[in-house]
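The lines below spell out each chain.
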Amino acid sequence: MFSTTQIGIDLGTANILVYTKNKGIVLNEPSVVAIDANTKEVLAIGNEAKNMVGKTPENIIAIRPLKGGVIADYQVTIDMLKQIMKKVSKQVGFSLGKPNVMVCIPAGSTSVERRAIHDAVKAFGAKQVDLIEETIAAAIGADLSVEEPVANVVVDIGGGTTEVAIISFGGIVTAHSIRVGGDKLDDDIIQYVRKKYNLLIGYRTAENIKMEIGFALVDHDELTMEIRGRDLVTGLPKTITLGSIEIQDAIRDPLLAILDTVRYTLENCPPELSGDIVDLGVTLTGGGALLKGMEEWLSNEIAVPVQIAENPLEAVAIGTGRSLSVLHKLQKKAK
Ligand SMILES: Nc1ncnc2c1ncn2[C@@H]1O[C@H](COP(=O)(O)OP(=O)(O)OP(=O)(O)O)[C@@H](O)[C@H]1O
């Protein structure tokens, strides 16, 4: 008899990852879909679609169907999910039997959207489909002892949202989220460069600036970077040099919004669990955790230890996949 393949899907605003128990991460691609604007036909997904952004003829448009932590384009999300299942099935070969699938969905998705995602995965041939909250998946993926009666604090800084949760005994004790994540930092960099230098830059350039010379609000030796864009006055291409101190200023507001959400969640922690936070600290997951100085800045501001999960970008997908076994064990116990 074949054992059932277990698959975890992290349906993120910025990236989609798929994890299987035996093979680990088997797919990691940006949540981008290229479609023909006239026929609405899906032409490409993931890396292939991202590479088309801003470089394609007018009839081919690239869509990020998940925006700001919610499903912005429902039909395209479902189409993307189908393509992903197709890719993964080829790679993993779960033709041997129907897989059990766990999907981690954006926090802001409605019950109708949750149902639709569930049905789309099921229609593709999954044996069982379950949905999981992002912070619980992140905590499991970060190797926190979520089943213990202690305060596990997770701050997941994704593309569209930041979610903060205190998890104890397998459940969320308190949680808060804001629609501010790495994408908002990119937006603010675009606005800053436009205002100060009259230069138009695209999202990919803004993201590169953030990754190369973006810092949380910590003192640091200044870094610089040359960037290219379109001069708004002459309409011609132009190169300028940006410094990390000015970029730090440009992304100050979203960083402070993230800090406020962390503070607010910690303030709402039941007193019995507060002591654990001082001892165990806060764990950062999601790509935003990789912003330079993030760990040091948050730790200084909230005065508790802060650590970054081993694989911040993969923690949710790993936890989503692993949670299948946790759920399975719980179900067995319940029988
Ligand atoms: N080295 C880095 N420095 C700063 N930001 C980074 C770095 N690497 C990735 N990011 C940012 O992390 C974000 C993506 O993170 P992640 O893949 O965890 O999001 P997601 O799970 O798709 O989003 P969400 O949780 O909102 O659905 C993007 O905004 C990306 O620019």
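Conventions adopted
Residues numbered from 1 in each chain as written. Predicted model: local features only at pLDDT ≥ 70, side-chain atom pairs only at ≥ 80, totals over all residues. Buried ≥ 20, exposed ≤ 12 C-beta atoms within 10 Å, placed from the backbone. Helix = DSSP H or I, 4+ residues; strand = E, 2+ residues; numbered from the N terminus. Pairing = 2+ DSSP bridges. Right-handed = clockwise from strand over helix to strand, strands pointing away. pLDDT = per-residue confidence, 0-100. Axes fitted to C-alpha atoms, helices over the stretch in contact; angles between N-to-C directions. Near = placed C-beta within 6 Å. Nonpolar A, V, L, I, M, F, W, Y, C, P; charged D, E, K, R; others polar.

## A few points about the pairing of strand 17 (residues 282-285)
The alternating pattern of strand 17 places Val282 and Leu284 on one face and Thr283 and Thr285 on the opposite face, and all of these are buried. Of the strand pairs in this sheet, strand 11 (residues 152-157) and strand 17 are connected by four bridges, and their pairing is parallel. Across the sheet, valine 153 pairs through a bridge with valine 282, a residue of strand 17. Pairing of strand 17 with strand 18 (residues 306-308) involves three bridges; the strand directions are parallel. Residue pairing in the sheet places leucine 284 in a bridge with isoleucine 308 of strand 18. Running through helix 10 (residues 294-302), the crossover from strand 17 to the neighbouring parallel element strand 18 is right-handed.

## Brief notes about the confidence of the model for the protein
Predicted confidence across the protein gives a mean pLDDT of 89, with 94% of residues reaching 70 or more. Here the predicted complex scores 0.90 on pTM and 0.98 on ipTM.

## Observations regarding the sheet that holds strand 9 (residues 100-104)
The sheet built from five strands is open, its strands ordered 3-2-1-9-10 with mixed pairing. Each edge of the open sheet is held by one strand with a lone partner, namely strand 3 (24-30) and strand 10 (128-132). Strand-to-strand, the axes of this sheet are offset by a mean angle of 15°, without reference to chain direction. As paired strands, strand 2 (residues 15-20) and strand 3 are joined by six bridges and run antiparallel to one another. Among the inter-strand pairings, tyrosine 19 is bridged to a residue of strand 3, identified as isoleucine 25.

## Remarks on the site of the ligand
Taken together, 24 residues form the shell around the ligand, and within it Gly12, Thr13, Gly158, Gly182 and Gly287 come nearest. Of all the secondary structure elements, the ones that give two or more residues to the shell around the ligand are helix 5 (182-197) and helix 6 (203-213). Sorting elements by how many residues they give to the shell around the ligand places helix 6 first, with three residues. Class assignment for the residues of the shell around the ligand results in seven nonpolar, 14 polar and three charged.

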